[in-house]
Every structure is written in structure tokens, then in C-alpha cells.
Amino acid sequence: MAAGIGGFVAFAAAAGLVLTGGESTPSHPDAWDPRVEELVTFVEEERDLRFDHPVHVDFLSEEAFRAEVTNEDVELTGEERAELDDSAGLLRALGLVAGEVDLFAAGNTLSGDGILGYYDPAEQRITMRGEDLSLAVQSTIVHELTHALQDQHVDLEQEFETPEEDAGFHAIVEGDASRIEAAWVASLDSDQAEALADEEADAFEDFEQDVADVPVVLQALTAAPYALGQTFLDLMIARDGASVVDDLLAAPPSTEEHLLDPFSYIGEDAPISVDAPAPDEEGAEVFDEGAFGALGLYLLLIERVEHTAALEAALGWGGDAYVAYTSEGRTCAQIALTGDTPRDTTEMRAALTLWSEAMPGGDAVVRRDGDQIHVRSCDPGAAASGSIEGRGLDGLAVLATRTVIATELLVDGGDEELARCFADGAIALFTLEELADPEGDAANTPEGQRNLEELAASCFTASEGP
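This structure is a prediction, so every number in the text was calculated from the model and none was measured.

Participant: For this particular structure, what's the right way to read the overall build of the protein?
Facilitator: Helix and strand counts for the protein come out as 19 helices and 8 strands. Over its C-alpha trace the protein gives a radius of gyration of 22 Å, about what one expects of a compact globule, namely 23 Å for 466 residues. With respect to the three principal axes, the spread of C-alpha positions in the protein is 65 × 65 × 40 Å. Per-residue burial for the protein yields a buried fraction of 50% across its 466 residues. Relative to all contacts within the protein whose residues are 6 or more apart in sequence, the contacts with residues 24 or more apart total 75%. Per element, the accessible surface of the protein, about 21100 Å² overall, is 47% carbon and sulfur. Of the side chains in the protein, 21 bear a positive and 99 a negative charge, and the two mean positions are spaced by 6 Å.

Participant: I'm lost on the packing of helix α5 (residues 103-114) against helix α9 (residues 216-240) in this one. Help?
Facilitator: Each pair of packed helices can be described by the angle between their axes along with the distance between the axes. Viewed as axis vectors pointing N to C, α5 and α9 meet at an angle of 45 degrees, and their least axial separation amounts to 11 Å. With respect to their mutual orientation, α5 and α9 come out oblique. Viewed along their axes, α5 and α9 form a crossing whose handedness is right-handed. Together, L103, A106 and L110 of α5 and L218, Q219 and T222 of α9 make up the contact between the two elements. Taken together, the residues of the contact of α5 with α9 break down into 4 nonpolar, 2 polar and no charged.

Participant: Would you explain the sheet that holds strand β2 (residues 117-120) in this entry?
Facilitator: Hydrogen bonds along the backbone pair up the strands of a sheet, which may run parallel or antiparallel. Taken together, 3 strands build an open sheet; the order of strands is β1-β3-β2 and the sheet is mixed. Whereas interior strands pair on both sides, the edge strands pair on one side only; in this sheet they are β1 (56-60) and β2. The sheet shows a mean angle of 20 degrees between the axes of neighbouring strands, direction not considered. Pairing analysis gives 4 bridges linking β2 to strand β3 (residues 125-129), with the strands arranged antiparallel. Bridge assignment links Y118 to a residue of β3, and that residue is T127. Strands in contact with helix α3 (residues 62-69) are β1, β2 and β3; relative to β3, the strand with the most contacts, it is inclined by about 125 degrees.

Participant: Is there a simple way to explain the pattern of salt bridges in this structure?
Facilitator: Opposite charge on two side chains lets them pair, provided their charged atoms get close. Following the criterion strictly, the structure yields 19 salt bridges and no others. The shortest N-O distance in the salt bridge between D113 and R66 comes to 2.8 Å. One end of the pair, D113, is in helix α5; the other, R66, is in helix α3, with 47 residues separating them in the sequence. A residue is classified by how much of its surface remains accessible, and D113, at 27% relative accessible area, is partly exposed. With relative accessibility at 31%, the residue R66 sits in the partly exposed group. Of the charged contacts in the structure, one is a salt bridge between D280 and R376, with a shortest N-O distance of 3.6 Å. A residue pair is termed long-range when its members are at least 10 positions apart, and D280 in the loop between α12 (262-266) and β4 (285-290) and R376 in strand β8 (residues 372-378) qualify at 96 residues.

Participant: For this particular structure, what's the right way to read the pairing of strand β6 (residues 330-339)?
Facilitator: When a strand is regular, its side chains alternate between the sheet's two faces. With 9 of 10 residues buried, β6 is to be regarded as a mostly interior element. Across 10 bridges, the pairing between strand β5 (residues 317-327) and β6 is antiparallel. Residue A321 lies in a different strand from β6, and its bridge partner there is A336. In sequence, β5 turns back onto β6 through a hairpin of 2 residues, with E328 there showing a positive phi of about 50 degrees. Here β6 pairs with β8 via 6 bridges, running antiparallel. Each bridged residue has a counterpart across the sheet, and for C332 the counterpart in β8 is C378.

Calculation notes
Residues numbered from 1 in each chain as written. Predicted model: local features only at pLDDT ≥ 70, side-chain atom pairs only at ≥ 80, totals over all residues. Heavy atoms only, no water. Helix = DSSP H or I, 4+ residues; strand = E, 2+ residues; numbered from the N terminus. Rg over C-alpha atoms; globule rule 2.2 N^0.38 Å. Buried < 20%, exposed > 50% of the residue type's maximum accessible area, 1.4 Å probe, protein only. Contact = heavy atoms within 4.5 Å. Areas by Shrake-Rupley, 256 points an atom, 1.4 Å probe, with all protein chains shown as cover. Lys, Arg positive; Asp, Glu negative; His and termini not counted. Charge placed at Lys NZ, Arg CZ, Asp CG, Glu CD. Axes fitted to C-alpha atoms, helices over the stretch in contact; angles between N-to-C directions. Parallel < 35°, antiparallel > 145°, perpendicular 65-115°, else oblique. Left-handed = near helix turned anticlockwise from the far one by under 90°. Nonpolar A, V, L, I, M, F, W, Y, C, P; charged D, E, K, R; others polar. Pairing = 2+ DSSP bridges. Salt bridge = Lys/Arg side-chain N within 4 Å of Asp/Glu carboxyl O.

Read these as layout, nothing more, since geometry by itself doesn't imply function.
Below, the structure is given as C-alpha cells:
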């Protein structure tokens, strides 16, 4: 499994998207394409690193680009189709999707409609959609140039001992590129910034329509390395300075919990070893097992319980293991989890119990056995009744908002205890919808301001101690 339930979207994307080259030796141009020279200079100066050599930047037509990043379903083998069916059944078993789900089509949509360009570390070249260097395209080129620069200093294809370490590394890789891209956007003059905002708003509106049939959980898993990687880095830079980015590329977060809660990385929380549960049914055929992950737990819960309970359970995550299998034609999942402390385990069980009660069919079972919680749930079938609100993206916004709030307090000179207290308290003051509102209207009301002021006073008193 790629990393927790992120393996589902990784497989779907792999089925519909090929971003790696073959076994050929990469070639490099003698000079940069003149169209990107200014962007190269910006990336080098902002990242405080220099390119060892130029890389190719290919500008393809819309048709040619789409052909590069999508596949036809006739190219799928029977084994791959079966794996996609198993993954769809597993997502239904976990209550993350409902009804018929075409993961292959979803992967093609996410890659074919959601990508302006990409850097291929195997070929060591950048490929862009279209030949028009609009501001949005330039912004993407900055992102991909950062990947090319990273690759010349840190091997982007290196292998890690665990899938979670691999996920942590790629979150730092994407977060680093996203922050350099954000710095480029911030360097634009007011007219350019307004033009870029309009261009991105139009593109986002089109993208929302294109992905209307893509399960939100897949969109959230795709977005997570970017959203959580950048906010994680911003907090760490506020704490330790910009040089920490290279340190994190060398020693990335080892669990998804660190990305959800950067303070757990600072505290060096290590996951607790949990053995994968054995399927309850005799003759079950296991098709996947590994770590479910703190992000997987959070996305599972956020769909059916209040965001505060989902966040509390995810922040208390101590370790887990899961197994996915088929038995008598039905797909099931069993998860064993434990919290950082007995209290965390109790809170996790409470949240999972609420989740199980809200699951369609009443088939999900949650029980506690000592210091572990055991969850079992099976696919109710594509024809089963039930719906999905699709709260995963809003859930990511909550995580990002929490880290952004803590980062701002650190930048303003607050200590870590104060930053964490205020960030946690602010998340609890507002609803999921209010937290996901990019305008932050609820926080700007007189009541919202009063509540935040009272929270700040309380946290300041607590951090000062007796």
C-alpha cells in the first residue's frame, strides 16, 4: 500500500496516469529555453540553490498532453481491473464512497483535467499543457522547476523503508515546490496578481465541473501532500528557519500523523507497532494490508462525525495496521488501532463508534480489546442505499487552517504551547463549513472576534503557568 488509504488513489492514478519514463538515459539541453530563464533565476534565488544543468521544458498541445497523462481502458489487464474493483469495494466498505465507482475513469479525470504540467524524474524533463505562457502556466512552471532543482540535489526516486516515510518525503517535496510557487505569485504586481486570480478562478470552476463525478475522498487524497506538506513546512520554517527544508528532505516525517500535526514531529512521536489483524472469515483472500494511517482515520471519520471528534481521534493516533480481503465475493476491511495514551484510545473508540452508527446497513463493528480498538466493515454493495456528503476536502481545510493559525502565532513570537492551544481552540469554535470558508467570514463577526479574544486570553494564561 502506498501509504495508508492513499494507496487507493495512487493505484487509480497509476492506472490512468503515467509520469515516469523508461530505461533511457536522460538528456539535458545546453541552455535553458529562453521562455523560462527568468523563472529559473527566481527559483534558484528563492530556494537558495543552483541548478547543476538545464532541463528540457516541453510545451505540448492540449491533445498531445492529454494523451501523455491518461490511458485507455483497453490497456488494463484483467488483474488490474480486478484490483480496481477490489479498491472500489474497499472504499465502499469504509463508507468513503457509495454506489458504482469507476476508479480508472476517476484517475484519468484527475490527471487529464487537473494538471497543467509535471516533472518526470526518470526522464528529468518538464512537460507542460499548451504553448501559451499564461500566468497560471508560469506559476506551474515555477513549481515544476523546483522539483527539477530538488532532483539535482536530492534523489526524488529514492526508496524508503516504509510507505509512510515515502509519503512524508513526497509531502515535503510537494510542499517545498508549492511554497516557492506561492512566493512567485506574491512577487507579482497588483495587476498581474488580479489577472492570475481571475485565470485560476475560471480554471477552478471548470475543474469542479470536470471532477463532479470523482469521489471527494480521491480528490482529498490527491490534494493532501500539497496542502499538508506546505503548511507543515511553513510551521517548521517559522520555528527553525528556511534551512530546515533541506533537513526535512533528508529526514522527512515518518508518519502521516506528523503532517496532520507538525507538533507531533517536533515531539518526535514514534508510532506504536500494531500487528495486522487476521480476517475473521475462513478462506478469506487478502489483497492488501499495511498501515491505515492517521490521515486515513481522519478522512474516514470526517465523513460521518463532527470535525472536532474526527480531529481529536486523529491527533491521538498512536499506530495501526489493517487488512483488506474478499470472502464469498464480498470485500471487507479490518483495522486494529491504538492511541498515544489510554485516554486517546478511549476518544478514538468513541469517535469510531459514532462513525459505525452512522454507516449504512449497520454492518460496521467497533470493539475494544485492551489497548487496541478493532474495526470490521464490509462492502454493502453498489446497489445499497446511502449517500456520501463528500467532506474530505473541507476536512483538509480544517487541518491546514489549524497549522496556519499555529504558524502565525509562532511568527508573532508566541511559544509552541500557546500556538497549539489557540489553534486547537479556534478549530473548536467554528463549524466545518465555517472553517472551510476561504473568506473566514465567521471569524470576522463580532461574536467570532469576541470568542477568539477570550480564547487567546485563556491560552496566554495557560502558557504563562501559575
